[in-house]
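Coordinate analysis (summary)
Residues per chain are reported as follows:
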Amino acid sequence: HVGALELHWEIDSTSNEIQRRLGTLPDLSMILAETQSAGRGRRGRAWLSPPGLNVYLSCLKRFDAGFAALSGLSLAVGVIVMRTLAALGIQGAGLKWPNDVLSDGGKLAGILVELSGEYQGPCAAIIGVGVNVRLTAALREQAGQPINDLANLAHGQAPDRNLVAASLIAALVEGLRQFEHEGFAGFVEAYGGHDLLRGKPLHLQGALGELDGVGAGVDARGALLLQTPAGVLSIDSADVTVRRA
Ligand code: BTN
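Residues numbered from 1 in each chain as written. Predicted model: local features only at pLDDT ≥ 70, side-chain atom pairs only at ≥ 80, totals over all residues. Heavy atoms only, no water.

1. Remarks on the sheet that holds strand 6 (residues 106–117)
To keep it simple, the criterion reads: Note on pairing: two strands pair once DSSP finds at least 2 bridges between them. Numbering goes from the N terminus for both helices and strands, where a helix is a DSSP run of H or I of at least four residues and a strand is a run of E of at least two. Lines are fitted to the C-alpha atoms to define the axes, a helix being fitted only along its stretch in contact, and any angle between axes, read from their N-to-C directions, falls within 0 to 180 degrees. By definition, residues are in contact when any of their heavy atoms lie within 4.5 Å.
Read across the sheet, seven strands follow the order 1-2-3-7-6-5-4 without closing on themselves; strand pairing throughout is mixed. Two strands in the sheet have a free side with no partner beyond their single neighbour: strand 1 (5–11) and strand 4 (94–96). Sheet twist, expressed as the average angle between the axes of neighbouring strands with direction ignored, equals 25 degrees. Against the sheet, helix 2 (residues 73–87) engages strand 3 (55–63), strand 4, strand 5 (100–103), strand 6 and strand 7 (123–131), with an angle of about 140 degrees to strand 6. Sheet strands touched by helix 5 (residues 161–182): strand 1, strand 2 (30–36), strand 3 and strand 7. Its angle to strand 3, the strand with the most contacts, is close to 20 degrees.

2. Describing the pairing of strand 9 (residues 209–218)
Alignment of strand 8 (residues 201–206) against strand 9, held across six bridges, turns out to be antiparallel. By the bridge assignment, P201 is partnered in strand 9 with V214. Here strand 8 folds back onto strand 9, and the loop between the two strands holds two residues. Pairing of strand 9 with strand 10 (residues 224–228), which is carried by three bridges, proceeds in the antiparallel orientation. Its bridge partner lying in strand 10, G215 is registered against L226. The hairpin formed by strand 9 and strand 10 contains five residues between the paired strands, and G222 there has a positive phi angle of roughly 95 degrees.

Written as structure tokens, this is what we have:
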């Protein structure tokens, strides 16, 4: 089989484009855009997507097992982005649960995984990745959160965007096939090697309220493990901040 590979000059969002064509695009299709007019981040935030600087890519991966089997997929994509950086010779980034790729506290790449289909049956994941290759001062100001770029990690020498895109595509094709066979269990050890929260004092805000504890890694389903006086809790979703010790 052959996945589609498309580069658009401008589009609302590469993930929207996959969503619109979910019925016809082959598995492991990749859609890239030079610029997005309505780039989306997690929690309804915008993802600023000016032309000429960064990589905006969405990938379609179909799964037969249904999304009951997909826990940890978004964390696995974090590991896949870390592999991409390693292939480019870029060091100094890590993962903040669930899947922010950070360096010096600033976001280097954002990952948005959206699922559609059945709980136990055919389903599809739309995996959107935005990589900050080269930022401008204006973009840093508009971002509304600390951000960082690959140029900064590579000592001012931004890697060629085509190399970033090519490495990311290669890592996604391989990594998503691996996930299909092994699930997050195949990624949990690698995740641990990049985990920025392990051993850190954490504050969590979630549907059930607020919690403090110490990061104790992630489990084989991708849940965050939190050491608390009441024991180790496993957390499926929350907003996490590192407390000042
Ligand atoms: C986040 O909030 O951290 C996730 C950001 C995801 C951005 C990427 S860019 C390509 C794809 N298209 C979108 O509209 N969003 C994702």
